Each structure stands twice: as C-alpha cells, then as structure tokens.
Amino acid sequence: LIGKFQENLNFVTNELKNYFNASTNKSIESNTSNNKPQISEDKREKLFSRLSDASDMMNLKECEDILCELSKYKLTKSDNELFDKLKVAIDEYDFDEVVELLNR
C-alpha cells in the first residue's frame, strides 16, 4: 500500500514539475536581449528583496512571477549570472539555495 502511494506521489510530483517548468520556460525570456530597458538600482533591489521573501515562504508562483519580471530588463553581467543560478534553484524547488544566492 505504501509503495503504491509513493509511486503515485512520485508520478504527480513529476507531472507538476514538468508543468511548472514548461510554463516558466515559456514566460521567462533570456536576459541577453538588447531591446530591454536597463533595470534601475531601486527596481533591482525591490525585486531581489521580494524574491528573498517569496523564497523564505517557499512560494513558487511568486518566485516565478518575480523571475518573469526580472527577465523584462537588461541586467549586468553579474546579475545575469545570478539570475541564471536563481532560475535553476527555483526550477529545482531549492528555496534555501535561492536565499543563499541572494545573501552572497
């Protein structure tokens, strides 16, 4: 009985992961586009602060929404590298890693 439950739970978890990864990948563009406006320092700080708060609460939807908003701006090279690492951590539901990356 427990084995069957675990099997079904793994199936549902994988389906949800695939669904969210697909929707995230569609909505979050690459940050290499030159047609994007440069992000202001104030906007950058607010978005990263919101991302830290959302990660503390393990709020996947909010994290994805913030990444989507960040993707609308041209970022510095270091912020772009951070963005890529944050996206991977969020895709893997590793909220502790997100907080750690933001606190470096």
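That block above? That's the structure.
Because the structure is predicted, anything quoted here is derived from the model rather than measured. (Residues numbered from 1 in each chain as written. Predicted model: local features only at pLDDT ≥ 70, side-chain atom pairs only at ≥ 80, totals over all residues. Heavy atoms only, no water.)

Undergrad: Let's hear about helix α4 (residues 77-91): which residues, and what values?
TA: With 15 residues, α4 extends 21 Å between its outermost C-alpha atoms, agreeing within 8% with the 21 Å of an ideal straight helix rising 1.5 Å per residue. Along α4, the positions that sit buried rather than exposed are Asp-79, Asn-80, Leu-82, Phe-83, Leu-86, Lys-87, Ala-89, Ile-90 and Asp-91. The positive-phi residue at the C-terminal boundary of α4 is Tyr-93, with phi of around 60°. (Helix = DSSP H or I, 4+ residues; strand = E, 2+ residues; numbered from the N terminus. Expected span 1.5 Å × (residues − 1). Buried < 20%, exposed > 50% of the residue type's maximum accessible area, 1.4 Å probe, protein only.)

Undergrad: Lay out the packing of helix α2 (residues 41-56) against helix α3 (residues 60-70) in plain terms, naming residues and giving numbers.
TA: The angle between the axes and the distance between the axes are what describe a pair of packed helices. Direction vectors running N to C along α2 and α3 enclose 160°, while the axes themselves pass 9 Å from each other. In this view, α2 runs roughly antiparallel relative to α3, as classed from their interaxial angle. The element α2 and its partner α3 pack so that their crossing is left-handed. Facing Lys-43, Leu-47, Phe-48, Arg-50, Leu-51, Ala-54 and Ser-55 of α2, the residues of α3 in contact are Glu-62, Cys-63, Ile-66, Leu-67, Glu-69 and Leu-70. Of the residues that constitute the contact of α2 with α3, the class distribution is eight nonpolar, one polar and four charged. (Axes fitted to C-alpha atoms, helices over the stretch in contact; angles between N-to-C directions. Parallel < 35°, antiparallel > 145°, perpendicular 65-115°, else oblique. Left-handed = near helix turned anticlockwise from the far one by under 90°. Contact = heavy atoms within 4.5 Å. Nonpolar A, V, L, I, M, F, W, Y, C, P; charged D, E, K, R; others polar.)

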